[in-house]
Amino acid sequence: QVQLVESGGGLVQAGGSLRLSCAASGRTFSNYAMAWFRQAPGKEREFVSAIRSGGTIHYAEFVKGRFTIARDNAKNTVYLQMNSLKPEDTAVYYCAAPRNYILSIATMTSYNYWGQGTQVTVSS
């Protein structure tokens with residue numbers, strides 16, 4: 001079955017950087033979109049970024065210019081480079097993948113497979 005394993009979270013000061021990784025297994029990685037979502041305490045899970053199989057990239061407005069998503073199909077891995085981090089970026093970050101092609105790339109219900117999450121904490 002499809003498995004997604006995130007890594008790279010941690011504690012960082014405001015203005016700092018982190019790079020998250022999501023290693024996928026269980027199917028041909030390159031054929032599917034991959035996405036990052038996040039969930040802060042007491043809040044709903046929200047879309048952060050996604051990259052389609054063809055390379056088209058989508059970002060939530062609140063991370064544009066600060067976060068960069070990329071994929072390495074040879075390594076079955078998707079990355080999220082996070083720069084200029086703010087305390088409001090503190091959340092558990094989740095990697096997600098759909099079962100098939102999806103139209104609504106920023107919608108949580110489009111995704112069938114989820115990683116366990118990695119905590120990102122940004123101190124002020």
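On a predicted model such as this, the values are computed, not experimentally measured, just so you know.

Engineer: Lay out the pairing of strand β11 (residues 118-123) in plain terms, naming residues and giving numbers.
Structural biologist: Here β11 shows a buried face lined by T118, V120 and V122 and an unburied face lined by Q119, T121 and S123. Bridge count between strand β2 (residues 10-13) and β11: 4 bridges; the pairing is parallel. In the sheet register, Q13 faces β11, and the bridge partner there is S123. Relative to β11, strand β9 (residues 91-97) runs antiparallel, the two sharing 3 bridges. Bridge pairing in β11 places Y93 opposite T118.

Engineer: Can you explain the environment of V5? Please cite residues and give values.
Structural biologist: Take V5: it is sitting in strand β1 (residues 3-7). Once the C-alpha coordinates of V5 and I102 are considered, the two residues, 97 residues apart in sequence, prove to be 21 Å apart.

Engineer: With reference to specific residues and values, describe the packing of aromatic side chains.
Structural biologist: Considering all chains together, one arrives at 5 aromatic pairs under this definition. Consider the rings of Y94 and W114, whose centres lie 6.5 Å apart with planes at 80 degrees: the pair is edge-to-face. Linking Y94 in strand β9 with W114 in strand β10 (residues 113-114), this pair joins segments that are 20 residues apart in sequence. According to the relative accessible area criterion, Y94 is buried, its value standing at 13%. Residue classification places W114 among the partly exposed residues on the basis of a relative accessible area of 26%. In this structure an aromatic cluster arises from ring pairing among F37, F47, Y94, Y111 and W114. One cation-aromatic arrangement involves R45 over Y94; the distance from NZ or CZ to the ring centre is 3.7 Å.

Thresholds applied
- Per chain, residue numbering runs from 1 following the sequence as it is written.
- The predicted origin of the model limits local features to residues at a pLDDT of at least 70 and limits the giving and counting of side-chain atom pairs to 80 or more, whereas totals for whole chains, interfaces and linings rest on all residues.
- Side-chain descriptors were evaluated using all non-hydrogen atoms of the structure, hydrogens and water having been removed beforehand.
- Three labels apply to residues, based on accessible area from a 1.4 Å probe with only protein chains included: buried if under 20% of the type maximum, exposed if over 50%, partly exposed otherwise in between.
- The way it works is that DSSP assigns letters per residue, a run of H or I at least four long becomes a helix, a run of E at least two long becomes a strand, and they are numbered from the N terminus.
- Being paired, for any two strands, means DSSP has found at least two bridges between them.
- Between rings of Phe, Tyr and Trp, where Trp is taken as its six-membered ring, a pair exists when centres lie within 6.5 Å; planes separated by under 30 degrees are stacked, by over 60 edge-to-face, and by other angles tilted.
- Lysine and arginine charges are scored as sitting over a ring when NZ or CZ, respectively, is within 6 Å of the ring centre and within 35 degrees of the ring normal.

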